[in-house]
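Per-entry structural report
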Amino acid sequence: MAREGLVINDFSGGLNNVIDPSLIAENEVSSIVNLVISRTGKLVSRHPFLKVTNYPTGTTTAKALGYYRNEEGVVFLVVATNAKTWLYNLVGNTWTEAWQYAAEDMTTYANRLYLINSANGGGYWAKVSGSYSFTTVAAMPRGNQIHFTKGRIYVSSRAVIGSTTNTSTLRYSNLTSTALGTSIDEFPVANTIDINEGDGDQLIKIIEGNSELFLFRSNSTYRLAFSASADPSLGTLTVMSNNIGADSAQSVVEGDNYLAVLHAGTLYQFAGYNFYSFNPANKVQFEVKPGYSGMKQAVSKVGQYLIVWHHGYMYCYDTETDLWVEWQSVTEAAHFIEAPRGTFLDSSAVPTAYGVPAQNHGSQGLLKFALEFTSTSTEIIKCRLTTRTYDIGQPSLFKRLFGWELLMVGVNWVEAAINPIDVINKPQMTWNDLDDYTWYEAQINEIPWLPFGAAVPVIVGGLPTENPNPQVVKVSGKQTFKRAYFTIAFNNDGTTKTAPSRIDGLVLYLVNGRRIAMSRTA
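The residue numbering used here restarts from 1 in each chain and proceeds along that chain's sequence as written. In keeping with the predicted nature of the model, local features appear solely for residues at pLDDT of at least 70, side-chain atom pairs appear and are counted solely at 80 or more, and the whole-chain, interface and lining totals rest on all residues. Only hydrogens and water are set aside; all other atoms, that is, all heavy atoms of the structure, feed into the side-chain values.

1. Observations regarding the pattern of salt bridges
Criterion for a salt bridge: a side-chain nitrogen of Lys or Arg within 4 Å of a carboxyl oxygen of Asp or Glu. The final tally for this structure, using the stated rule, is 13 salt bridges. Its salt-bridge partner being Asp199, residue Arg217 comes within 2.7 Å of it at the nearest N-O pair. Here the residue Arg217 occupies a position in strand β20 (residues 212-217), and Asp199 occupies one in the loop between β18 (192-194) and β19 (203-208), the gap between them amounting to 18 residues. Members of the salt-bridge network, linked through shared partners, are Asp199, Asp201 and Arg217. Counting from the N terminus, the helices are DSSP H or I runs at least four residues long and the strands are E runs at least two residues long.

2. Looking at the pairing of strand β27 (residues 297-302)
Within β27, six of the six residues are buried, which leaves it mostly tucked inside the rest of the structure. Both faces of β27 are covered, namely the face carrying Gln297, Val299 and Lys301 and the face carrying Ala298, Ser300 and Val302. Here the rule is simple: two strands pair whenever DSSP picks up at least two bridges between them. Across six bridges, β27 lies against strand β28 (residues 305-310) in antiparallel orientation. Bridge pairing links Val302 to Tyr305 in β28. The hairpin turn running from β27 into β28, its antiparallel successor, is two residues long, and Gly303 in that turn takes a positive phi close to 60°. For every residue, the accessible area obtained with a 1.4 Å probe (protein chains only) is divided by the maximum for its type, and the residue is called buried under 20%, exposed over 50%, and partly exposed between those limits.

3. A short note on the packing of aromatic side chains
In this scheme Phe, Tyr and Trp rings, the latter by its six-membered ring, pair at centre separations within 6.5 Å, and the angle between planes marks the pair as stacked below 30 degrees, edge-to-face above 60, and tilted otherwise. Summed over all chains, the structure comprises 29 aromatic pairs. On the basis of an interplanar angle of 80° and a centroid distance of 6.0 Å, the ring pair of Phe216 and Phe270 is categorised as edge-to-face. In this pair, Phe216 sits in strand β20 while Phe270 sits in strand β25 (residues 266-271), placing the two residues 54 residues apart along the sequence. Judged by relative accessible area, which is 4%, Phe270 ranks as buried. Ring centres of Tyr317 and Trp324 lie 5.1 Å apart, and the angle between their planes is 50°; on these two criteria the pair is classed as tilted. You can call Tyr317 buried: its relative accessible area is 5%.

4. Focus on the confidence of the model for the protein chain
One confidence number per residue, pLDDT, is output by the predictor and ranges from 0 to 100. Looking at the protein chain as a whole, the pLDDT averages 89, with 88% of positions reaching at least 70. Predicted confidence is poor over residues 449-453, with pLDDT under 50, and the contacts of this stretch with residues over four places away or in other chains come to 18 contacts. The contact rule is simple, with two residues in contact once any of their heavy atoms fall within 4.5 Å. Counting interchain partners and residues more than four positions distant, the pLDDT-below-50 stretch residues 515-522 has 17 contacts.

5. Observations concerning the environment of Leu506
Structurally, Leu506 is set in strand β41 (residues 502-512). Along the sequence, Leu506 and Trp404 sit 102 residues apart, while their C-alpha atoms lie 7.2 Å from each other. Once residues within four sequence positions are removed from consideration, Leu506 is found in contact with Leu6, Val7, Ile8, Phe11, Trp404, Glu405, Leu406, Phe486 and Ile488.

This is the structure we're talking about:
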């Protein structure tokens, strides 16, 4: 009698690492690494992270701050290392030192690149007398955030008030006016707004809205609204949340009509002056790697993907499918800033971002992430999948698996295993031992004739080395189980010759029933 295969080919529920794998939905998976999920529920390998170049000599840490376009129209990535601030020419592949200190934030105004940090104040990089140089602005307050809007520069500053230090003070510059003799580089002491003075919260990130500034703090968020002609101190300061803020300056990123904000292990969507979790069903928990000491938190947006870096782990949220997956990379990729579309020769057609690893910056180098596969890549992408625990609709019965297949696109090899979790590891019995039992008594005492030990992965080779096509990969081996999950692993190098790899489904050839589980041996 021909055995019909049970097809499992819908993974449209995405990752669920919170609930027991036997209780998650039929279309969810308990672990998915370096894959994305298509709109049809199929699993496709992610695009590669590429090392672009080494950092300047002496770099031990690095942060990407944003992009600067100079008067000649050349676009640079602004990178702050452990000691200095550098401009990286994305087309020319060259580094230029812009400031002798490590900036914490940047903004642009009138062809100037303004830089700031908490220890040394700041200034701007611009062309002066035909050449570019850095000009220190003596009046600029020290701070960790800087932003230009409505003709003024705003700085997040630590102000001393009496005997205490307010870590959430907003300083702003004068308007440039020939008639009044004022300059944007002037910061009068009176141009100060205290954000809920004395509560201990630090101002972490300044983001511009529609005639407003959103002020993200350690554990709260405020909105400052004012017209262009009004003095900012006459504006309206409104609390958006008293318990949701931002973990770091890299934990807020602008999306399409929303802000993505990472706070206390949750990624929020800030839209319409309200916060909404990107994980409303609580299906994904961000883990923390023990002993991890690199970059702690960051959020990046590249095309449709929101990439969350959380204490050594990377998670990706697809805004088109509303699904989560986990990513891993030997490049230790952590934080990226998406470049404006059409800015660069190699990113005119696809979303492209440049960024930094979480640690080991000196050896890893500057990274690029584009939603494309190219002819060259320096990364081996290790794709892994662990399915939910299946009981085939009958959790109390043993199932006899005669073989299974993978419907996939891959190269070189694939590693696959079925992992039974209801095998009863009693001492192995011979037919003489079973003489004391009737078949019914053996069934009552749950004595199946089963193999011992954990499942041994099967490595199936013979797949094409490049330019793969859809194929059926047969996985040998028989197994008896009540409940089981499947693990699949395969690699590619991220190039157009080997990627994308894909899993379209599993086909299981099995039958149900305890009598089948009591299979005899000679």
